[in-house]
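An overview of the molecular structure
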Amino acid sequence: MALLQLAISLPIGSHEATIYYADGGILYTLTHLFQGVFDNGLDFRLPFLFFGFLNILLFCKMSKHYFDNMQDSYLATTIFALLPGIITSVVLVNIAVIVISLVLFFLIFYEKKEYFGQAISMIVLLLVHDASIIFFIALAIFSAFKRDRVLFAISILFTAISLIYFNGLKVEGRPTGEFLELFGLYMALFSPLIFFYFFYALYRIWLREKKDILWYISFVAFVLSILLSLRQQVDMTDFAPYVIVSVVLMLVTYHRTLYVRLPQFQNFYRMGFYIVFGSLLLSAVVIVFHQTFFYMLDDKSKHFAYPFYEPYWQVLELKEIGQNCYTVKNQKVQYQLKYYGIENCEDSNVPKIHR
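Figured I'd write up the structure that's included with this text.

Conventions used here
- Residues numbered from 1 in each chain as written.
- Predicted model: local features only at pLDDT ≥ 70, side-chain atom pairs only at ≥ 80, totals over all residues.
- Heavy atoms only, no water.
- Helix = DSSP H or I, 4+ residues; strand = E, 2+ residues; numbered from the N terminus.
- Rg over C-alpha atoms; globule rule 2.2 N^0.38 Å.
- Buried < 20%, exposed > 50% of the residue type's maximum accessible area, 1.4 Å probe, protein only.
- Contact = heavy atoms within 4.5 Å.
- Areas by Shrake-Rupley, 256 points an atom, 1.4 Å probe, with all protein chains shown as cover.
- Axes fitted to C-alpha atoms, helices over the stretch in contact; angles between N-to-C directions.
- Parallel < 35°, antiparallel > 145°, perpendicular 65-115°, else oblique.
- Left-handed = near helix turned anticlockwise from the far one by under 90°.
- Nonpolar A, V, L, I, M, F, W, Y, C, P; charged D, E, K, R; others polar.
- Lys, Arg positive; Asp, Glu negative; His and termini not counted.
- Salt bridge = Lys/Arg side-chain N within 4 Å of Asp/Glu carboxyl O.
- Disulfide = S-S within 2.5 Å.
- Phe/Tyr/Trp six-rings, centres within 6.5 Å; stacked < 30°, edge-to-face > 60°.
- Expected span 1.5 Å × (residues − 1).

Once that is clear, we can look at the overall build of the protein chain. Across its full length, the protein chain carries 18 helices and zero strands. Over its C-alpha trace the protein chain gives a radius of gyration of 22 Å, about what one expects of a compact globule, namely 20 Å for 355 residues. Split into buried and exposed, the 355 residues of the protein chain put 49% on the buried side. Taking all contacts inside the protein chain whose residues are at least 6 apart in sequence as the whole, residues at least 24 apart take part in 68%. For the protein chain, the accessible area works out to roughly 18400 Å², and carbon and sulfur atoms hold 63% of it.

This part covers the packing of helix α4 (residues 42-63) against helix α7 (residues 96-111). One way to put it is that α4 packs onto α7 with a least axis distance of 9 Å and a crossing angle of 25°. As summarised for this structure, α4 and α7 are arranged roughly parallel, according to the angle between their axes. The handedness of the crossing between α4 and α7 is left-handed. Only Val97, Ile98, Ile100, Ser101, Leu104, Phe105, Leu107 and Ile108 of α7 make contact with α4, whose side of the interface consists of Phe48, Phe51, Gly52, Leu54, Asn55, Leu58, Phe59, Lys61 and Met62. Here the contact of α4 with α7 is composed, by residue class, of 13 nonpolar, three polar and one charged.

In this section: the side chain of Asp72. Mapped onto the secondary structure, Asp72 falls in helix α5 (residues 70-82). Put simply, Asp72 is tucked away with no salt bridge, and the nearest opposite charge, on Arg270, sits 8.9 Å away. Not counting residues up to four positions away in its chain, the partners in contact with Asp72 are Phe67, Leu251 and His255.

Moving on, we come to the state of the cysteines. Overall, the coordinates contain one disulfide when judged by the stated rule. Across a sulfur-sulfur distance of 2.0 Å, Cys325 and Cys345 are joined as a disulfide pair. As the torsion about the S-S bond is roughly 90°, the Cys325-Cys345 disulfide counts as right-handed. Here Cys325, found in the loop between α17 (306-320) and α18 (331-339), pairs with Cys345, found in the segment after α18; they are 20 residues apart in sequence, far enough to count as distant. As far as the burial class goes, Cys325 and Cys345 line up, both buried.

Glancing now at the environment of Gly24. If you trace the backbone, Gly24 turns up in the loop between α2 (14-22) and α3 (26-31). With relative accessibility at 81%, the residue Gly24 sits in the exposed group. For the pair Gly24 and Tyr66, spaced 42 residues apart in the sequence, the C-alpha separation amounts to 39 Å.

Enumeration according to the criterion identifies 44 aromatic pairs in this entry. Taken together, a centroid distance of 5.7 Å and an interplanar angle of 70° make the contact between Phe135 and Phe136 edge-to-face. Residue Phe135 is classed as buried on the basis of its relative accessible area, which comes to 1%. Of the residues examined, Phe136 reaches a relative accessible area of 0% and is grouped as buried. For the pair Phe145 and Tyr216, a centre-to-centre distance of 5.8 Å together with 35° between the ring planes defines the contact as tilted.

Attention shifts here to α17. Compared with the 21 Å implied by 1.5 Å per residue over 15 residues, the 21 Å span of α17 between its first and last C-alpha is a close match. Within α17, burial applies to Phe308, Tyr309, Glu310, Pro311, Gln314, Val315 and Leu318. For α17, the elements touching its buried residues are α2 and α18. Positive backbone phi, at 75°, marks Gly322, one or two positions downstream of α17.

This is the structure in C-alpha cells:
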C-alpha cells in the first residue's frame, strides 16, 4: 500500500515526462495505456507498478531453487523487495522493471528446462531492451563453460542480432574514468552495506563456489559495467536488471558462511546480518516516506526528490497567479510543466516568462 500511495502522490519526474511526450518505444505506449483514468500518478505509472509486483512473485518462485525451505525463500524475496533499486523501479517509469521480469522468467524456464519459454523470453528481451547484448554475452560465456552447444549457438546468434540491428551496447567517447561514480550508483541501487556484501558474494563464488547461470549473468554484467566506466558514463538501466537479480546469491553465501561454524561462533555473523538488514530497512523507509524529510530541511533543494517536486510546486504558483505558460532552458523540465498544463511560452501568445 505504501508503494501504491507513493506512485500516486509523487509528481512526474523529468525522465518520466520525457518518455511521456518524446519516447517512441514501448515505454511511451505503457505510459499512455491508462491516460486520464485515475487523474493521478497511476495514469502513467500503473503498468510499471504491475511489473514491479510481478517481479517480487517471480523472484520468490526463482529463489525456491536455491533453498530447502520456504522461510529462506521469503527472506531472500523480502531483501529483494526492499532494495532501493527495486522500490524505485516499481514506482517510476523505467525499462529496467520490464527487463527484470524477462530475466526472471528466463531463469525459471531454464531451471524447468522449458525451452520454448526460454526462447520467448530471449526474443522479447531482444526486442524490448537495447542493451540486451549484455544478457546474451553472459549466456554465451556460461554455455561455453558448461559446454552447452545449443545455448551457446543461440546466445551468439542473439548477440550478433543485438549488435547489428539493435545497436547493442553503446561504447563511445574518450576515457574519462567514471569508476567512482559507478560505484556510487551501485550503492544507491543496493544500499551501501548490501552492495559491499554483493561484491563479496560474487568474489567468493568466483574463487571457491559452484557457479550457476545466475552468477554468470550478474558477474558478466557487473564486470562489463566496470570496464565501460573506465571510458564513459554508464547508464545503470543497461546493467542494473542483470545485476540486481543476484541478491539471492548473497543469502546463499551468507548461509554457507554461517552454517559451517559451530553455534557458539555464529553470533558475530548473525549480528552482521541484522546490521545490514537494518540499514536496508532504513533506506527503504527513507525512500517510501521521503516527503516527511522535506520538513526537516531548511534548504529543500538538498532533498534527493527535489527535482520531482520543484516543477510541480512551480506549477501551483503559476496557476495561483493565472499564468498558463512558462519557459525553461531544460527541455525535460519543460515536459514536466507541460504535463500539469503549463505550456512553453514560445508556443503560445501569452507574455513570455523565462528562467
